[in-house]
Amino acid sequence: MSESPGVAPLAVLGPGHGGGRLADVLPSALAVLGVPGSADPLGLVPALAGVRRVAVLLVDGLGWYQLPTAAPYAPTLAGLAATVARPLIAGFPSTTPTSLVSLGTGVAPGAHGVLGFTVRVPGTDRVLTHTDWAAEPSPLTWQPVTTQLERARAAGVAVTVVSRPEFGGSGLTVAANRGGDFRGAAGGEAVAAAMLAALATGGGPTLVSGYHADLDRYGHVYGVDSEPWRVAATEVDTLLARLVDGLPSDAALLVTADHGQLDVPAEHRFDLDTDPRLRAGLRLVAGEARVRYLHVEPGAVDDVLAAWSEVLGDAARVRTRDEAVATGWFGPVPEEHLGRIGDVVVTCNDTYAVMASRTERPMASKLVAYHGSDTAAELTVPLLVVRG
């Protein structure tokens with residue numbers, strides 16, 4: 001690979017680690033396309049001079065630390081990783097909804113407000129699952145930041161979003177990608193065809209944003225480097241090869257990801273639904289297995305902090321909301337978004353996780369691989385830059 005993060009996969013990273021961020025990708029792409037007021041934090045403009053069409057593909061679950069594991073089954077990906085790859089930091093929590101909206105808006109999670117896989121709707125006892133989000137709360141108010149796609153369209157760029165058909169019009173798609181014409185595509189071959197067709201439409205500046213989910217899905221269910229995961233890596237490679245071969249001469253392809261993954265062994269799993277010490281004082285639990293948001297009963301913060309610290313020990317860092325925000329990972333958090341973060345935030349270390357076997361979806365505690373925390377393997381994602 002052209003650059004290396006230089007840290008062990010399970011090392012805990014701080015928000016100042018590294019250079020580029022996933023949130024920098026679209027601002028730099030817009031700068032390449034000449035959108036007024038666009039910064040170029042990744043320095044892409046000199047390398048992509050003359051490019052008038054940009055395709056951005058996000059491969060769910062393709063972390064930087066998974067690239068060597070995928071390489072034997074993905075020769076196109078391996079070649080690109082060796083020559084045109086650089087590491088980016090996805091952001092925290094290192095989970096799909098947060099990262100997709102950071103990519104789409106170009107800002108940190110505190111500003112856009114999609115602060116986890118699941119979060120409490122402030123003032124209620126409702127837990128919002130961002131991947132199952134329909135109309136309420138309104139994505140236009142829940143996520144108030146203008147997207148980079150909206151900025152591009154306002155500047156005269158033709159903008160298309162390619163993703164699975166069932167995601168069209170969802171709350172998460174509107175929050176992350178409003179401003180683009182949606183094209184449904186299921187599977188790598190369909191994603192490649194739809195992205196290339198959108199790139200070829202019209203003669204002016206063009207931006208195409210694509211999403212492919214299968215690698216993440218098979219990693220969760222079967223584990224990283226399982227046989228189904230290897231098949232999914234091969235399919236990612238076929239998608240990449242098709243895009244690279246079909247790029248117009250005035251186009252560029254940017255490939256990145258939302259997070260990496262870690263297999264979590266059975267002996268590293270706590271279950272908050274079966275341990276009364278972890279249930280005491282809780283009103284509502286959100287987040288996910290590697291990052292828990294604990295909303296507690298009035299006056300119970302200190303007791304919950306003490307109980308969770310004692311039970312989890314070195315397996316996690318247990319902090320108040322204020323302490324978690326003070327780390328800087330969320331960026332500035334406006335008052336209206338603070339209530340989406342738990343009164344207590346539990347961030348898992350190493351390959352530990354905290355399950356909720358009875359109160360979350362049945363499959364959630366039966367998965368093999370997880371992500372969400374602040375280790376290098378979860379936070380670090382690649383950026384591959386290819387010219388047509």
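What counts and how
- Residue indices follow the written sequence of each chain, beginning from 1 at its first position.
- Where totals are concerned, whole chains, interfaces and linings use all residues; where local detail is concerned, this predicted model gives features only for residues with pLDDT of at least 70, and gives and counts side-chain atom pairs only at 80 or more.
- The side-chain values count all of the structure's non-hydrogen atoms but skip hydrogen atoms and water molecules.
- All axes here are fitted lines through C-alpha atoms, helices being fitted over the stretch that makes contact, and every angle between N-to-C directions spans 0 to 180 degrees.
- By the criteria applied, helices consist of DSSP H or I runs no shorter than four residues and strands consist of E runs no shorter than two, each listed in order from the N terminus.
- Note on terminology: angles under 35 degrees are roughly parallel, angles over 145 are roughly antiparallel, angles of 65 to 115 are roughly perpendicular, and the others are oblique.
- By definition, turning the near helix anticlockwise from the far helix through less than a right angle yields a left-handed crossing, and turning it clockwise yields a right-handed one.
- Contacts are assigned to residue pairs with any non-hydrogen atoms lying within 4.5 Å of each other.
- Only Asp, Glu, Lys and Arg are considered charged in this grouping, and only Ala, Val, Leu, Ile, Met, Phe, Trp, Tyr, Cys and Pro are considered nonpolar; every other residue, Gly among them, is considered polar.
- Each residue is assigned to one of three classes by its accessible area relative to the maximum for its type, calculated with a 1.4 Å probe on protein chains only: buried under 20%, partly exposed between the two thresholds, exposed over 50%.
- Two strands pair if DSSP finds at least two bridges between them.
- For the purposes of this section, nonpolar cores are sets of buried Ala, Val, Leu, Ile, Met, Phe, Trp, Tyr and Cys residues that join through side-chain atoms within 4.5 Å.
- Salt bridges are identified by distance alone: a Lys or Arg side-chain nitrogen within 4 Å of an Asp or Glu carboxyl oxygen.
- For the purpose of charge, His is not counted, nor are the chain termini; Lys and Arg are scored as positive and Asp and Glu as negative.
- Definition of a polar contact: a pair of N or O atoms within 3.5 Å, with one able to donate and the other able to accept a hydrogen when the atoms are protein atoms, and with sequence-neighbouring residues admitted only if both atoms are side-chain atoms.
- Only centres within 6.5 Å qualify two rings of Phe, Tyr or Trp (six-membered ring in Trp) as a pair; their planes then separate them into stacked at under 30 degrees, edge-to-face at over 60, and tilted for everything else.
- Definition used: whenever NZ (Lys) or CZ (Arg) falls within 6 Å of the ring centre and also within 35 degrees of the ring normal, the charge is taken to sit over that ring.

S.K.: Explain the packing of helix α10 (residues 188-200) against helix α12 (residues 227-246) here, please?
M.R.: The axes of two packed helices give the description: the angle between them and the distance between them. Running from N to C, α10 and α12 cross one another at 20°; their axes reach a closest spacing of 9 Å. Accordingly, the angle class assigned to the pair α10 and α12 is roughly parallel. Our pair here, α10 against α12, has a crossing hand that is right-handed. Residues Gly188, Glu189, Val191, Ala192, Ala193, Met195 and Leu196 of α10 touch α12, and the partners they reach there are Leu239, Arg242, Leu243 and Gly246. Tallied by class, the residues present in the contact of α10 with α12 amount to 7 nonpolar, 2 polar and 2 charged.

S.K.: Help me out: how do you make sense of the pairing of strand β11 (residues 282-288) in this one?
M.R.: On any regular strand, side chains alternate: one points to one face of the sheet, the next to the other face. With 6 of its 7 residues buried, β11 lies for the most part within the structure. Strand direction decides the pairing type here: β11 and strand β12 (residues 291-296), joined by 6 bridges, are antiparallel. For Glu288, the partnering residue across the bridge sits in β12 and is Val291. Between β11 and β12, which pair antiparallel and follow one another directly, the connecting turn spans 2 residues.

S.K.: I would appreciate a short explanation of the nonpolar core in the present structure.
M.R.: In a soluble, globular protein the nonpolar side chains are often hidden away together inside. Ranked by size, the top nonpolar core spans 101 residues in total, and within it Val25, Val54, Leu57, Leu207, Leu254 and Tyr293 carry the most contacts. Excluding residues that lie within four positions of it along the chain, Val25 makes contacts with Leu42, Val56, Leu88, Leu103, Leu254 and Leu383. Grouped together as the second largest cluster of nonpolar side chains are 19 residues, Leu278, Leu294, Leu305 and Val318 included.

S.K.: In this structure, what is going on with the pattern of salt bridges? I would like to understand it.
M.R.: Side chains that carry opposite charge are capable of pairing whenever their charged atoms lie near each other. The full count for this structure, using the stated rule, is 19 salt bridges. Where Asp125 meets Arg120, a salt bridge forms, and the shortest distance between an N and an O atom there is 3.3 Å. Take Asp125: its relative accessible area is 48%, and that puts it in the partly exposed class. For Arg120, a relative accessible area of 15% puts it in the buried group. Here Glu227 ties to Arg230 by a salt bridge, and the two come within 3.9 Å at their closest N and O atoms. Of this pair, Glu227 and Arg230 are both found in helix α12, 3 residues apart, which corresponds to roughly one turn of the helix. Residues joined by salt bridges that share partners form a network here, namely Arg120, Asp125, Arg283 and Glu297.

S.K.: Can you walk me through the side chain of Glu288 in this structure?
M.R.: Tracing the sequence through the fold places Glu288 in strand β11. In this structure, Glu288 is buried with no salt-bridge partner, the nearest side chain bearing the opposite charge being Arg361 at 8.1 Å. Side-chain polar atoms of Glu288 contact the side chain of Thr95, separated by 2.6 Å. Beyond its immediate chain neighbours, meaning those up to four positions away, Glu288 contacts Thr95, Phe117, His371 and Gly372.

S.K.: What should I look at first to understand the sheet that holds β12 in this one?
M.R.: By definition, the strands of a sheet pair up through backbone hydrogen bonds, in either a parallel or an antiparallel sense. Read across the open sheet, the 4 strands follow the order β11-β12-β14-β13; overall the sheet is antiparallel. The open sheet has two edge strands with one neighbour each: β11 and β13 (316-320). Sheet twist, expressed as the average angle between the axes of neighbouring strands with direction ignored, equals 20°. Of the pairings in the sheet, the one linking β13 to strand β14 (residues 344-348) comprises 5 bridges and is antiparallel in character. Bridged to Arg319 within β14 is Val345. Sheet strands touched by helix α14 (residues 301-312): β11, β12, β13 and β14. Its angle to β13, the strand with the most contacts, is close to 175°.

S.K.: Which parts of the structure should I look at to understand the packing of aromatic side chains?
M.R.: The way to describe two aromatic rings as a pair is by their centre distance and the angle between their planes. Following the criterion strictly, the structure yields 5 aromatic pairs and no others. Here the aromatic residues Phe92, Trp329 and Phe330 are joined through ring pairs into a cluster of three or more. The ring of Trp142 is capped by Arg340, whose NZ or CZ atom sits 3.4 Å from the centre of that ring.

S.K.: Honestly, helix α11 (residues 214-222) in this entry has me stumped. Any pointers?
M.R.: For an α-helix, the turn length of 3.6 residues means that residues three or four places apart are oriented alike. Inspection of α11 places Asp214, Leu215, Asp216, Gly219 and His220 among the buried residues, and these make up the whole buried set. Considering only its buried residues, α11 is in contact with β1 (53-59), β7 (206-212), α12 and β16 (369-370).

S.K.: What is the right way to read the environment of Ala286 from this model?
M.R.: Within the element layout of this structure, Ala286 appears in strand β11. For the pair Ala286 and Arg340, spaced 54 residues apart in the sequence, the C-alpha separation amounts to 9.1 Å. Among residues more than four places away in sequence, those in contact with Ala286 are Thr118, Val119, Arg120, Val127, Val291, Arg292 and Tyr293.

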